[in-house]
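One letter stands for each residue in the lines below.
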Amino acid sequence: MKKPRAAVGNQSGRRKEASSQEGKKKCAFSSSQSKLSAPSGTIPEFSETPAGLSRQQKALLQASVSPYHLFRDVAEVTAFQESLLGWYDRKKRDLPWRRLVEGEVDLDRRAYAVWVSEVMLQQTQVATVINYYTRWMQKWPTLQDLASASLEEVNQLWAGLGYYSRGRWLQEGAQKVVEELGGHMPRTAETLQRFLPGVGRYTAGAIASIAFGQAAGVVDGNIIRVLCRVRAIGAEPSSSLVSQHLWNLAQQLVDPARPGDFNQAAMELGAIVCTPQRPLCSHCPVQSLCRARQRVEREQLSASQSLPGSGDVEECAPNTGQCPLCAPPTEPWDQTLGVTNFPRKASRKPPREECSAICVLEQPKALGGACILLVQRPNSGLLAGLWEFPSVNVNAEASGQHQREALLQELQSWVGSLPDTHLQHLGQVVHTFSHIKMTYQVYGLALEEHTPVTIVPPGARWLTREDFHTAAVSTAMKKVFRMYEGQQPGTCKGSKRSQVATLSKRKKPSPGQQVLESFFPPQVPTDAPSLNSAAQ
């Protein structure tokens, strides 16, 4: 029998936040303003705060940035704030976390409600989050409720939302706030980031501005897109210099009277108007301040007059050399892209490819009803703490026989001796995580005549099919189980069911062919499984 598995190495489903030194940054038109402190967690936020800039780099940034990429004065900043907030008041979406925060007077509960929503929304679409958020807040409406929950309960509710360590960090953070701070959330972006596990600069600023009214600028993927277009920033947004400049702009723009609304308005603008593809520029409340829009209009005018287009050099005039915020000369303006020339598309490293042999092991005649075996993943790394079908990593080029042998050995380590003759290959399921493209070679094994297994080592459990659908399992496991449910083991290749499906799709033979086939009736292998046989 198998002992609990050791942690799987080199499997992390998270993109770490970079770290930076806390300090003061000078706005384009005002005296120095305090900035948020360095991120310390590993919540999967967008690529945000750059690694700490040296004094030399900071001086280079301030000296080399053209006014073209800045807001000229207080009047221009005020115009941006008023236009954006006015639009937001009219057009903002009705979302459950906004309703909850607006009606909550208790600051700790406000901050908790914002915290949960911001963590769920990282790397996840709003439409997906709404149902998860509603169920979460119904189950754990306060920090104290979440702190008393088990990790199993948290993983169970989070199942299917992805980036599963986010749920664990929320629970750990709630326990820390309750145990060490008496249930009172830290009140500033700096202390939120320092105290809460997994909370980075963006999340801390969002909580502080929305829940506590701190004038903390934030930068997420939507705001990156908005700022890069509004100030025509064509350089790589993830570079240290550009990222620092975006944070400077965000801090410069945030409205001290309504910081939470302003930050949400900027994100809302990027989400529904200033979108990655086909932005709705005619509906944009700040189009008159948008350098990208001005560039498009200028290029269109030049083209209509058959005149050569004017380059950025006529408006962006750095003191020396190439502007660090403009697109490099090797990437000229693309007339067909319009404002979507900004921001520059980051080159993404393709996910590494891995292969795993995985088996749905079922006891159809178990006491209490048919049940399937699940084993728990390690408490760290990819899909930490979630449940899955027994599996083993294999070489993608490995033969089917090698896969079967390795998988059977894994299965036997959990439940003892098993018949290898009934281990059937069902097909493959491909699922892409943030950094891994996983191909699951799916097998099925039903213990029809086998003595029911009732005892398993720690880290394994038998569940009914009904319980499986509410268990803490990943989307990938649900895909694997759908394949198992959708076909009897052994019917993927060469089975009678496959043959019937293939024959039904063939064209009707000609009369002459029908005569020939009448002399040669098709032969069905004697060992072919029956269509009405029980699932194995």
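Cut-offs used in this document
Residues numbered from 1 in each chain as written. Predicted model: local features only at pLDDT ≥ 70, side-chain atom pairs only at ≥ 80, totals over all residues. Heavy atoms only, no water. Helix = DSSP H or I, 4+ residues; strand = E, 2+ residues; numbered from the N terminus. Buried < 20%, exposed > 50% of the residue type's maximum accessible area, 1.4 Å probe, protein only. Contact = heavy atoms within 4.5 Å. Areas by Shrake-Rupley, 256 points an atom, 1.4 Å probe, with all protein chains shown as cover. Arc of directions from axis to C-beta. Axes fitted to C-alpha atoms, helices over the stretch in contact; angles between N-to-C directions. Parallel < 35°, antiparallel > 145°, perpendicular 65-115°, else oblique. Left-handed = near helix turned anticlockwise from the far one by under 90°. Pairing = 2+ DSSP bridges. Salt bridge = Lys/Arg side-chain N within 4 Å of Asp/Glu carboxyl O.

### A closer look at the overall build of the protein
Point 1. The helix and strand inventory of the protein stands at 19 helices and nine strands.
Point 2. Among the 536 residues that make up the protein, the fraction classed as buried is 50%.
Point 3. Long-range contacts, defined as pairs at least 24 residues apart, comprise 73% of the intrachain contacts of the protein with a sequence gap of at least 6.
Point 4. When the accessible area of the protein is evaluated, it comes to approximately 25700 Å², of which 52% is carbon and sulfur surface.

### As for helix α7 (residues 151-158)
Point 1. Among all positions of α7, only Val154, Asn155, Leu157 and Trp158 are buried. Summarising the axial view, the buried residues of α7 lie within an arc of 165 degrees, below the 170-degree limit, and thus occupy one face.
Point 2. Where α7 is buried, its residues contact α4 (107-121), α5 (126-139), α6 (143-147) and α8 (165-181).

### Quick word on the packing of helix α10 (residues 201-212) against helix α13 (residues 259-272)
Point 1. Remark: α10 packs on α13, axes separated minimally by 7 Å, with the N-to-C direction vectors making an angle of 130 degrees. Comparing their axes, α13 and α10 come out oblique. Crossing hand, α10 versus α13: left-handed. Contacts from Tyr202, Ser209 and Ile210 of α10 reach α13 at Pro259, Gly260, Asn263, Gln264 and Met267.

### A word on the pairing of strand β3 (residues 352-363)
In regular strands, side chains alternate between the two faces of the sheet.
Point 1. Judged by how many residues are buried, β3 sits mostly within the fold: 10 of 12 residues are covered.
Point 2. In terms of strand pairing, β3 meets strand β8 (residues 436-446) through 11 bridges, oriented parallel. Bridging from a neighbouring strand, serine 356 pairs with tyrosine 440 of β8.
Point 3. Here β3 pairs with strand β6 (residues 391-394) via four bridges, running antiparallel. Bridge pairing links alanine 357 to valine 392 in β6.

### Structural notes on the pattern of salt bridges
Point 1. Inspection of the entire model under this criterion finds 19 salt bridges.
Point 2. For arginine 258, the salt bridge goes to aspartate 89, with nearest N and O atoms at 2.8 Å. Placement of the pair is arginine 258 in the loop between α12 (240-253) and α13 and aspartate 89 in helix α2 (residues 74-91), with a sequence separation of 169 residues.
Point 3. The partly exposed category is assigned to arginine 258, whose relative accessible area is 28%.
Point 4. A salt bridge links glutamate 172 to arginine 168; the nearest nitrogen and oxygen atoms lie 3.7 Å apart. With glutamate 172 and arginine 168 both in helix α8 and four residues apart, this pair spans about one turn of that helix.
Point 5. Looking at glutamate 172, the relative accessible area reads 33%, which means it is partly exposed.
Point 6. Taken together, the shared-partner salt bridges connect Arg72, Glu76 and Arg231 into one network.

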